[in-house]
Structure formats: structure tokens, C-alpha cells
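Fold and contact review
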Amino acid sequence: VLSTSPLGPNFPFTGIDDRENWPTVFYNRTCQCQGNFMGFNCGDCKFGFTGTNCTVRRRLIRKEIFRMTTAEKDKFIAYLNLAKRTISSDYVIATGTYEQMNNGSNPLFADINVYDLFVWLHYYSSRDAFIEGGQVWADIDFAHEAPAFAPWHRYFLLRWEYEIQ
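First, a word on scope: everything that follows refers to the structure included in this document. Residue positions are counted from 1 within each chain, in the order its sequence is given. Owing to the predicted nature of the model, reporting of local features is limited to residues with pLDDT of at least 70; listing and counting of side-chain atom pairs is limited to 80 or more, with chain, interface and lining totals taken over all residues. Working from all heavy atoms in the structure, the side-chain values ignore hydrogens and water.

Looking only at helices and strands, the chain has three helices and eight strands in total. Whether a residue is buried, partly exposed or exposed follows from its accessible area with a 1.4 Å probe, protein chains only, as a fraction of its type maximum: under 20%, in between, or over 50%, in that order. Among the 165 residues that make up the chain, the fraction classed as buried is 22%. In this analysis, two residues are considered to be in contact whenever any of their non-hydrogen atoms come within 4.5 Å of each other. The long-range share in the chain, meaning contacts at least 24 apart out of those at least 6 apart in sequence, stands at 51%. Using a 1.4 Å probe, the Shrake-Rupley method yields the accessible areas, and only the shown protein chains count as cover for residues. Total accessible area computed for the chain in this model is approximately 12000 Å², and 54% of it derives from carbon and sulfur atoms. Secondary structure elements follow DSSP: runs of H or I no shorter than four residues count as helices, runs of E no shorter than two count as strands, and numbering proceeds from the N terminus.

End to end, helix H2 (residues 114–126) covers 19 Å across 13 residues, agreeing with the expected 18 Å (1.5 Å per residue, within 8%). Considered for burial, the residues of H2 that qualify are Val114, Leu117, Phe118, Tyr124, Ser125 and Ser126. On its buried side, H2 packs onto helix H1 (70–85), strand E5 (87–94), strand E6 (109–113) and helix H3 (149–164). Nitrogen and oxygen atoms within 3.5 Å of one another constitute a polar contact, given that in protein one can donate a hydrogen and the other can accept it, and given that sequence-neighbouring residues count only through two side-chain atoms. Here H2 starts with a cap whose side-chain oxygen sits 3.1 Å from the backbone nitrogen of Tyr115, and that cap is Asn113. A helix is expected to span 1.5 Å for every residue after the first.

Moving on, we come to the pattern of salt bridges. Should a side-chain nitrogen of Lys or Arg be within 4 Å of a carboxyl oxygen of Asp or Glu, the pair is scored as a salt bridge. Under the definition given, this model contains three salt bridges. When the shortest N-O distance is used, the salt bridge between Glu161 and Arg62 registers 2.4 Å. Of the two residues, Glu161 sits in helix H3 while Arg62 sits in the loop between strand E4 (56–57) and H1, which places them 99 residues apart along the sequence. In this structure, the salt-bridge partner of Glu72 is Lys63, at a minimum N-O distance of 2.9 Å. For Lys63, a relative accessible area of 41% gives the class partly exposed.

Below, the discussion takes up a nonpolar patch on the surface. Taken together, the side chains of Ile65, Phe66, Phe76 and Ile77 make up a nonpolar region of the molecular surface, amounting to roughly 430 Å² of accessible area. With respect to the helices, strands and loops of the structure, Ile65 is situated in the loop between E4 and H1. Excluding any residue in a salt bridge, patches collect residues exceeding 30% relative accessible area, merging like charges within 9 Å and nonpolar Val, Leu, Ile, Met, Phe, Trp and Tyr side chains within 5 Å.

Take unusual backbone geometry next. Positive phi outside glycine occurs at Cys42, with the angle close to 60°. Its location among the elements puts Cys42 in the loop between strand E1 (37–38) and strand E2 (44–45). A relative accessible area of 22% places Cys42 in the partly exposed class.

Moving on to the packing of aromatic side chains. Only Phe, Tyr and Trp rings take part, Trp by its six-membered ring, and two of them pair if their centres are within 6.5 Å. Stacked means planes under 30 degrees apart, edge-to-face means over 60, and tilted covers everything else. Taken as a whole, this structure holds seven aromatic pairs when the rule is applied. Each ring, one from Phe40 and one from Tyr91, has its centre 5.8 Å from the other, and the planes form 70°; the classification is edge-to-face. Of this pair, Phe40 sits in the loop between E1 and E2 while Tyr91 sits in strand E5; the two residues are 51 residues apart in sequence, bridging distant segments of the chain. The exposure class of Phe40 is partly exposed, given its relative accessible area of 47%. Residues Trp152 and Phe156 carry aromatic rings whose centres are separated by 5.0 Å and whose planes lie at 15° to one another, so their mutual orientation is stacked. You can see Trp152 and its partner Phe156 sitting in helix H3, four residues apart, about one turn around the helix. By relative accessible area, Trp152 is classed as partly exposed at 26%. Stacked on the ring of Tyr115, the Lys or Arg Lys84 has its end atom at 4.6 Å from the ring centre. Counted as over-ring charges are cases with an Arg CZ or a Lys NZ within 6 Å of the ring centre that also lie within 35 degrees of the ring normal.

Written as C-alpha cells, this is what we have:
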């Protein structure tokens, strides 16, 4: 069950920004994967593992883009273009606010291609916070101006690379 612990004083608009507890309006429990499995349904191998039971170590080395051959660059661009034309089989995006969704009783979601999913995730984490009375809290950027900058982006890039692969 998700934690209900109070947030610290560094977040003065508790209960207002939807990123604080998203998506508890739709569910309040989450799974914890065992062994070397990960993913929303524990059906993927953790980063660095492969095989039927995710027990085979796999070391991936990200090649410096300036050292890629023309063929490797072309292949990379081809996969980016494919991601723009491939609908994600696992994820959708919200197309309305909680208010428009009647606090979750009228879900508003849309399919999204793999490329735009990651564009949307990055935007969602770094956008301004909308607060009461139609005001905007523009002085916060959870993706870039918080202690989680490095680990959030590392995970973001790992997920992006995983989807492109």
C-alpha cells in the first residue's frame, strides 16, 4: 500500500499538485518484483540481466555517439523514427485533469507512441505546478532542480534505451 507519510516543509502545496500522489486516484497499491524482475507487471528483466529467468548477466556499454559508424548512426535514427510510429503496448497518457475525470470515475486516457511517451514523461515531471485558484507555482522543477536529478534522469534514460531496443 502506498505511503501516506506527510511531506516536508520544502513542498508547501501538499495535496494540490497532481504529481505528489499520482495516480492514487486510480489505485493505491503497487507490486514489488522479486529476483531480477522489474516493470509494472514484473515481466521484464532488471537492467543488466537477460534470459528466461533473468539470471544471465548482461553488460551494456553505451557507445559514444561521435565514435559510431555511419551505419550505426543510421540504425539509431531508424529506431528513433520507428519509435515515433509505434504505439506503446504498455502505456497511455492522461488527456484530462482530475477534475475533468471526476476524480477518476471518468478516466480520460489516450494511446501514445513510444517516442512521445518519453517526451510527455519528461514534460510532466518538469512542468510548472498548477495550484488553487488557477495559479501556477513556476519556481519548482522536480526533474532538474531537486535532489533526484541524477537518479531520475539515469532511470529515465535506461527506460528510454530499453524501449528503443
